[in-house]
Amino acid sequence: MVVDGLLVGLAVGLAGIGLSMTYSILDFANFAHGDTVTVGAFLGWVAAYITAGLGTGAPIAELFMLNSGRQLSTVSTFAPVLLGLVVAGVGSIGIVLLIDRLTYRPMRDTDNISLLIASIGVALALRYLIAFVFGTQTSGVASGGLRVTVFSMISVTDNEITLLVVSLLLMLGVHLLLQRTKLGKAMRAMADNEDLARVTGIPTERVIRLTWILGGGLAGVGGYLLVLESGTISFNFGWILLLLIFAAVIVGGIGSIYGAMAGGILIGLVDSLALIWLPSGLTRASAFLVLIVVLLLRPSGIFGGVSTA
């Protein structure tokens, strides 16, 4: 249960980075973020399924709809899974840039409530577009092909190892980007004071574009990895996951990248370990109980008020 919670928490934290960046730099809560996770996951798994099915005689339409009955894994179908991971990130980046160009950029000078309501509309549009194309059923797309025993009592699959390695590498990459690059410093400056950043010559529009690229890409990859670990995908799994993502971001300290990482791991562990004492339907309640306790003890979150990215 600890391993499962850690893995889910890493993916939630990965997706939470984008939500936290959007709030700190664009100053609004993006309710479409969960459905961006779903879109990226579907794009990635369609690409992986079609690539894995080429040459097998399976109709392209069945492969596209993820209903050929084949189960992919990192070891048995490494190249298709890797390609799907790349497509999930790149595809979700394209989606969020398009949404920003058509919806958010024209509204950038309006109040935050208008942007929040617009993001709810975007979320509904994305969710039911996916439902229209792929249906509302849950599809099984992945299964762990190789199980490795660690410390004699704990065993993990090849897909879980992939989630762990990719998540840690991406989090390290985000840290290096924010702390070691000029663009990362510009992002931190804009999150601290947008007007002062604009006056000092920082290209704010380029920073906003990078925020969408980074947040959208991590959301798509996070969704793809979660499906790789769980094995199933459905049209609304990102919307359901959004509650955990918001909880992770708030617990960690909204606006803090490191807070999103730490909050994601904490919420994932609590959600998993609560199964020891509670029925499966109440585990989310335990995660939000932790959220309440943290906010009572530290209203700004774990990393709130700390000099951090």
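Residues numbered from 1 in each chain as written. Predicted model: local features only at pLDDT ≥ 70, side-chain atom pairs only at ≥ 80, totals over all residues. Heavy atoms only, no water.

Enquirer: Explain the overall build of the protein chain residue by residue, including any values.
Expert: A tally of regular secondary structure across the protein chain gives 12 helices and 4 strands. Principal-axis analysis of the C-alpha atoms places the extent of the protein chain at approximately 60 × 45 × 35 Å. The proportion of buried residues among the 309 residues of the protein chain is 49%. Carbon and sulfur atoms make up 69% of the accessible area of the protein chain, which totals about 14,000 Å². Across the protein chain, the mean location of the 15 positive side-chain charges is 8 Å away from that of the 15 negative side-chain charges. (Helix = DSSP H or I, 4+ residues; strand = E, 2+ residues; numbered from the N terminus. Buried < 20%, exposed > 50% of the residue type's maximum accessible area, 1.4 Å probe, protein only. Areas by Shrake-Rupley, 256 points an atom, 1.4 Å probe, with all protein chains shown as cover. Lys, Arg positive; Asp, Glu negative; His and termini not counted. Charge placed at Lys NZ, Arg CZ, Asp CG, Glu CD.)

Enquirer: I'd love a proper account of the side chain of N159, names of residues and values included.
Expert: Along the chain, N159 turns up in helix 6 (residues 158-180). Here the side chain of N159 touches S143 through a polar contact of 3.4 Å, landing on its backbone oxygen. Only 3.4 Å separates the side chain of N159 from the backbone oxygen of L228, close enough to count as a polar contact. Beyond its immediate stretch of four places on either side in the chain, N159 contacts L72, S73, T74, A142, S143, G144 and L228. (Polar contact = N/O pair within 3.5 Å; in protein donor to acceptor, adjacent residues only side chain to side chain. Contact = heavy atoms within 4.5 Å.)

Enquirer: Just give me the short version of the pattern of salt bridges, but keep the residues and values in it.
Expert: Across all of its chains, the model carries 4 salt bridges by this definition. One salt bridge connects E205 with R108, and the closest N-O pair in it is separated by 2.7 Å. On the criterion of sequence distance, the pair formed by E205 in helix 9 (residues 204-230) and R108 in the loop between helix 4 (78-104) and helix 5 (112-134) is long-range, its members being 97 residues apart. Taking the relative accessible area as the measure of exposure, E205 reaches 31% and is therefore partly exposed. Among the ionic contacts, a cluster of salt bridges with common partners joins D100, R105, R108 and E205. (Salt bridge = Lys/Arg side-chain N within 4 Å of Asp/Glu carboxyl O.)

Enquirer: How would you summarise the packing of aromatic side chains if you had to cite specific residues and measurements?
Expert: This model, assessed by the stated rule, comprises 7 aromatic pairs. The interplanar angle of 40° and the centroid separation of 5.1 Å between the aromatic rings of F31 and F246 together place this pair among those described as tilted. Within this pair, whereas F31 is found in the loop between helix 1 (2-26) and helix 2 (33-53), its partner F246 is found in helix 10 (residues 237-252), the two being separated by 215 residues in sequence. Residue classification places F31 among the partly exposed positions, given a relative accessible area of 25%. Judged by centre distance (6.2 Å) and plane angle (50°), the rings of Y128 and F235 are tilted. (Phe/Tyr/Trp six-rings, centres within 6.5 Å; stacked < 30°, edge-to-face > 60°.)

Enquirer: How would you sum up unusual backbone geometry? Please name residues and give values.
Expert: Positive phi, normally seen in glycine, also occurs at L66, with a value near 60°. Examined against the element boundaries, L66 turns out to sit in the loop between helix 3 (60-64) and helix 4. Here L66 falls in the buried class, since its relative accessible area comes to 3%.

Enquirer: Hey, could you go over the UniProt feature "transmembrane region" (unreviewed entry) in the protein chain for me, with residue numbers and the actual values?
Expert: Under the present numbering, the feature "transmembrane region" (unreviewed entry) in UniProt falls on residues 6-26, 38-58, 78-100, 112-134, 161-178, 207-227 and 233-251. Split by type, residues 161-178 is 100% helix and 0% strand. Its first and last C-alpha atoms lie 26 Å apart. Counting secondary structure, residues 207-227 comes out at 100% helix and 0% strand; the distance between its end C-alpha atoms is 30 Å. (UniProt positions renumbered as here; feature names shortened; annotations may be inferred.)

Enquirer: An account of helix 7 (residues 182-192) is needed here, citing residue identities and associated values.
Expert: The set of residues buried in helix 7 consists of G184, A186, M187 and M190. For helix 7, the angular spread of buried residues about the axis comes to 155°, placing them on one side. Of the exposed residues in helix 7, the ones pointing more than 90 degrees away from its buried face are K182 and D192. (Arc of directions from axis to C-beta.)

Enquirer: Quick one: what's the story with a nonpolar patch on the surface, residue by residue and with numbers?
Expert: There is a patch of nonpolar side chains on the surface, built from L6, V75, L146, V148, I161, L164, V165, L168 and L169 and spanning about 700 Å² of accessible area. For V148, the position within the fold is in strand 2 (residues 147-150). (Patch = residues over 30% accessible without salt bridge, like charges linked within 9 Å, V, L, I, M, F, W, Y side chains within 5 Å.)

Enquirer: Quick one: what's the story with the side chain of S24, residue by residue and with numbers?
Expert: With respect to the helices and strands, S24 occurs in helix 1. At a separation of 3.1 Å, a polar atom in the side chain of S24 contacts the main-chain carbonyl oxygen of M21.

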